[in-house]
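# What the coordinates show
These are the residues of each chain, in order.
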Amino acid sequence: MTKKKKRRAALALAAALTFGGAYLGVPLEQTAAQTPYQAAYAKTTTDKNQFTAKVIYLVNLERRQAGLKPLTLQANVSRAAQLKAADMSKKNYFDHQSPTYGSPFNLLSLQKIPYRAAGENIAQGQRSPESVMKAWMNSEGHRANILNPNFTSIGAGYFNGYWVQLFIG
């Protein structure tokens, strides 16, 4: 590798880390042609262990595009979202009202998570974080949650094709 190519690769890596780490893992020749926003959606994430991290990254990218502050990942909120995703899968339902936990607000309270404002997005069947985020952003109510300036923290869960985002502020 020439010195010039090494420098370009180092700059591309620095740009990738600045805009969200490995999620911008596109070939060097494409980075100049795509905005960070386009690049984040261009590469489909297939590693299920990274699904929730990618969803949160894409949420914050959408918020940045809208001029909003990013949401902070809150581990206890993610645990609650994961509980809801697993519950929907295991009990074969798709609803904001859980037969186990009740409403999303009740779920947060049961998990002893304080909040002033809260919201929930759910989805079923999408095979990647990119596809579920596209679906949520194309839905007025889901988009409103993602871009709600009153929310400050997020948690995400994925289980067997069920997706959950919990937002609190």
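The following refers to the structure shown. In this text the structure is predicted, and so the values were computed from the model without any measurement.

### Focus on the sheet that holds strand S4 (residues 162-168)
The mixed open sheet is built from four strands, whose spatial order is S1-S3-S4-S2. Edge positions in the sheet fall to strand S1 (72-73) and strand S2 (118-124), since each of these pairs with one other strand and no more. When S1 meets strand S3 (residues 153-159), the two strands line up parallel, connected through two bridges. In the strand pairing of S3, leucine 73 is matched with isoleucine 154. Where helix H5 (residues 75-90) meets the sheet, it contacts S1, S2, S3 and S4, and its direction lies at approximately 30° from that of S3. Helix H7 (residues 129-137) contacts S2 and S4 of the sheet and is inclined by roughly 60° relative to S4.

### Looking at the pairing of S3
Counting buried positions over the seven residues of S3 gives six, a clear majority of the element. Two strands pair when backbone bridges link them, and S3 and S4 are joined in this way by seven bridges, in the antiparallel orientation. Considered in S4, the bridge of phenylalanine 159 is made with tyrosine 162. Counted along the chain from S3 to the antiparallel partner S4, the turn is two residues long, and its residue asparagine 160 has a positive phi close to 50°.

### Considering the pattern of salt bridges
Once their charged atoms are close, side chains differing in charge can pair, the charge on each being opposite to the other. In this structure the tally under the stated criterion is three salt bridges. Across the pair glutamate 130 and lysine 54 runs a salt bridge, and its minimum N-O distance is 2.5 Å. Of the two residues, glutamate 130 is situated in helix H7 and lysine 54 in helix H4 (residues 51-65); the sequence distance between them amounts to 76 residues. The residues glutamate 130 and lysine 54 share a single accessibility class, namely buried. In this structure, lysine 84 engages glutamate 120 in a salt bridge whose closest nitrogen and oxygen atoms are separated by 3.0 Å. Taken as a pair, lysine 84 in helix H5 and glutamate 120 in strand S2 lie far apart in primary sequence, 36 residues in all.

### Brief notes about the side chain of serine 153
Along the polypeptide, serine 153 turns up in strand S3. A polar contact of 3.0 Å, which involves the side chain of serine 153, links it to the side chain of glutamine 74. Every residue in contact with serine 153, bar those within four places of it in the chain, is listed here: Leu71, Thr72, Gln74, Leu166, Phe167 and Ile168.

### What to know about H5
Because each turn of an α-helix spans 3.6 residues, side chains separated by three or four positions end up pointing in the same direction. For H5, with 16 residues, the first-to-last C-alpha span of 22 Å sits near the 22 Å given by 1.5 Å per residue. Looking at H5, one finds that the buried residues are Val77, Ser78, Ala80, Ala81, Lys84, Ala85, Ala86, Asp87, Met88 and Ser89. Looking at the buried side of H5, the elements it contacts are S1, helix H6 (104-110), S2, S3 and S4. Once H5 ends, the next one or two residues include asparagine 92, with phi positive near 50°.

### Regarding the packing of aromatic side chains
Considering all chains together, one arrives at five aromatic pairs under this definition. Among the aromatic residues, those joined into a cluster by ring pairs are Phe51, Tyr158 and Trp163.

### Let's talk about the environment of phenylalanine 159
With respect to the helices and strands, the residue phenylalanine 159 is situated in strand S3. Looking at phenylalanine 159, the relative accessible area reads 29%, which means it is partly exposed. For phenylalanine 159, the contacting residues outside a window of four places in its chain are Gln82, Ala85, Ala86, Ser89 and Lys90.

Analysis parameters
Residues numbered from 1 in each chain as written. Predicted model: local features only at pLDDT ≥ 70, side-chain atom pairs only at ≥ 80, totals over all residues. Heavy atoms only, no water. Pairing = 2+ DSSP bridges. Helix = DSSP H or I, 4+ residues; strand = E, 2+ residues; numbered from the N terminus. Contact = heavy atoms within 4.5 Å. Axes fitted to C-alpha atoms, helices over the stretch in contact; angles between N-to-C directions. Buried < 20%, exposed > 50% of the residue type's maximum accessible area, 1.4 Å probe, protein only. Salt bridge = Lys/Arg side-chain N within 4 Å of Asp/Glu carboxyl O. Polar contact = N/O pair within 3.5 Å; in protein donor to acceptor, adjacent residues only side chain to side chain. Expected span 1.5 Å × (residues − 1). Phe/Tyr/Trp six-rings, centres within 6.5 Å; stacked < 30°, edge-to-face > 60°.

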